[in-house]
Amino acid sequence: MKNPLIPLRNKLALRPANDSPMLEETRHLWTKLQLLFRQGLPPVLRIAFTSTYSGEGTSSIASNFAHTLAEQRLMTCLVECNFREPSLRAHYKAPKNKGLGDFLEGKANLTEILNRKVSPHLDLVHAGTIQSDPYALLSGPLLPRVLGALHEEHEALVLDTPPLSNCPESCLVLRNVDAVVLVVQANRTKKSAAKRSMATLDALGVPILGAVLNQMAYQPPVTIEQNFCGRRITTRAGRGQMS
């Protein structure tokens, strides 16, 4: 089954203004995903964002998507699972030093890692201080436990996941989610590399909601058409339309 390519023309900021065009693009993403839900997909409560390579904008898009859910008054928690390149604590100026890594190392409890109301209806668990091997931490039994505990308090979890190409622990995280969105950077990620990432996600058995084309600096010169669940999705001038 092919997946919809959802273009985002701008690099997304981690804390967008309410009238930010960057946030507007993420709202379009949420709208498109809601259309897919109506085609028979189950409600998705734990959504992961991943990429093929580092630096493709996964953290920014995951953060903006979490803001979009929160502005719909869904109690949302943004969870940073990228231990190799953490960034969310600094951007949100989170008051708590401890994070997910500290919980997985047995050095903190849920209360100590949960930053409540970094934005209305939005909580944050950043990566924390990581002193152990990321793969070893995420392969243990505590990751499903903490996600389950967070899920009890929130209507949606948005996971910022490390890239697939050089972080084997990303697959460990993705086994604990309901669906995944692949972030693809325009003019950087080759089609063959994106296809390999899609194949990896298929092998994991995680439903792929689609792909986000990030940092598009130009308007596509041709019409792109793809099929998803028997529906034709046409993308013109950087925006998608379902027909």
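A brief structural summary.

Reading the values: rules and limits
- Residues numbered from 1 in each chain as written.
- Predicted model: local features only at pLDDT ≥ 70, side-chain atom pairs only at ≥ 80, totals over all residues.
- Heavy atoms only, no water.
- Helix = DSSP H or I, 4+ residues; strand = E, 2+ residues; numbered from the N terminus.
- Buried < 20%, exposed > 50% of the residue type's maximum accessible area, 1.4 Å probe, protein only.
- Contact = heavy atoms within 4.5 Å.
- Areas by Shrake-Rupley, 256 points an atom, 1.4 Å probe, with all protein chains shown as cover.
- Expected span 1.5 Å × (residues − 1).
- Salt bridge = Lys/Arg side-chain N within 4 Å of Asp/Glu carboxyl O.
- Polar contact = N/O pair within 3.5 Å; in protein donor to acceptor, adjacent residues only side chain to side chain.
- Pairing = 2+ DSSP bridges.

**Overview of the overall build of the protein chain**
Alright, step 1. For the protein chain, the helix and strand inventory stands at nine helices and eleven strands.
Alright, step 2. Burial analysis of the protein chain (243 residues in total) assigns 52% to the buried set.
Alright, step 3. Across the protein chain, every contact between residues at least 6 apart in sequence was considered, and the portion connecting residues at least 24 apart equals 73%.
Alright, step 4. Counting every atom, the protein chain has about 11,100 Å² of accessible surface; 51% of that belongs to carbon and sulfur.

**A closer look at helix α2 (residues 58–71)**
Alright, step 1. Helix length check: α2 (14 residues) gives 20 Å between terminal C-alpha atoms against 20 Å at 1.5 Å per residue, within 8%.
Alright, step 2. Taking burial as the measure, the 14 residues of α2 include 13 buried ones, the bulk of the element.
Alright, step 3. Positioned one or two residues after α2, Arg73 has a phi angle of 65 degrees, which is positive.

**Structural notes on the pattern of salt bridges**
Alright, step 1. With the rule as written, the count across this model stands at five salt bridges.
Alright, step 2. Between Arg116 and Glu153 there is a salt bridge, with its nearest N and O atoms 2.8 Å apart. Placement of Arg116 in strand β4 (residues 115–119) and of Glu153 in helix α7 (residues 142–153) is noted, with a sequence separation of 37 residues between them.
Alright, step 3. It is possible to trace a salt-bridge network through shared partners that takes in Arg116, Asp123 and Glu153.

**Concerning the side chain of His154**
Alright, step 1. Mapped onto the elements, His154 comes out in the loop between α7 and β6 (156–160).
Alright, step 2. Among the polar contacts listed, one links the side chain of His154 to the side chain of Asp123, at a separation of 2.8 Å.
Alright, step 3. With residues near it in sequence (within four places) discarded, His154 still touches Met75, Thr76, Cys77, Leu114 and Asp123.

**Examining the pairing of strand β2 (residues 46–51)**
Alright, step 1. Buried residues dominate β2, accounting for five of its six residues.
Alright, step 2. Direction of pairing for β2 relative to β6: parallel, over a ladder of four bridges. Looking across to β6, one finds that Ala48 is bridged to Leu159.
Alright, step 3. By the bridge criterion, five bridges tie β2 to strand β7 (residues 179–185) in an arrangement that is parallel. Each bridged residue has a counterpart across the sheet, and for Ala48 the counterpart in β7 is Val180.

**Section: the pairing of β4**
Alright, step 1. One ladder, built from two bridges, connects β4 with strand β5 (residues 122–125); its direction is antiparallel. Residue Ser119 lies in a different strand from β5, and its bridge partner there is Leu122.
Alright, step 2. Between the end of β4 and the start of β5, which pair antiparallel, lie two residues, with His121 showing a positive phi angle near 65 degrees.

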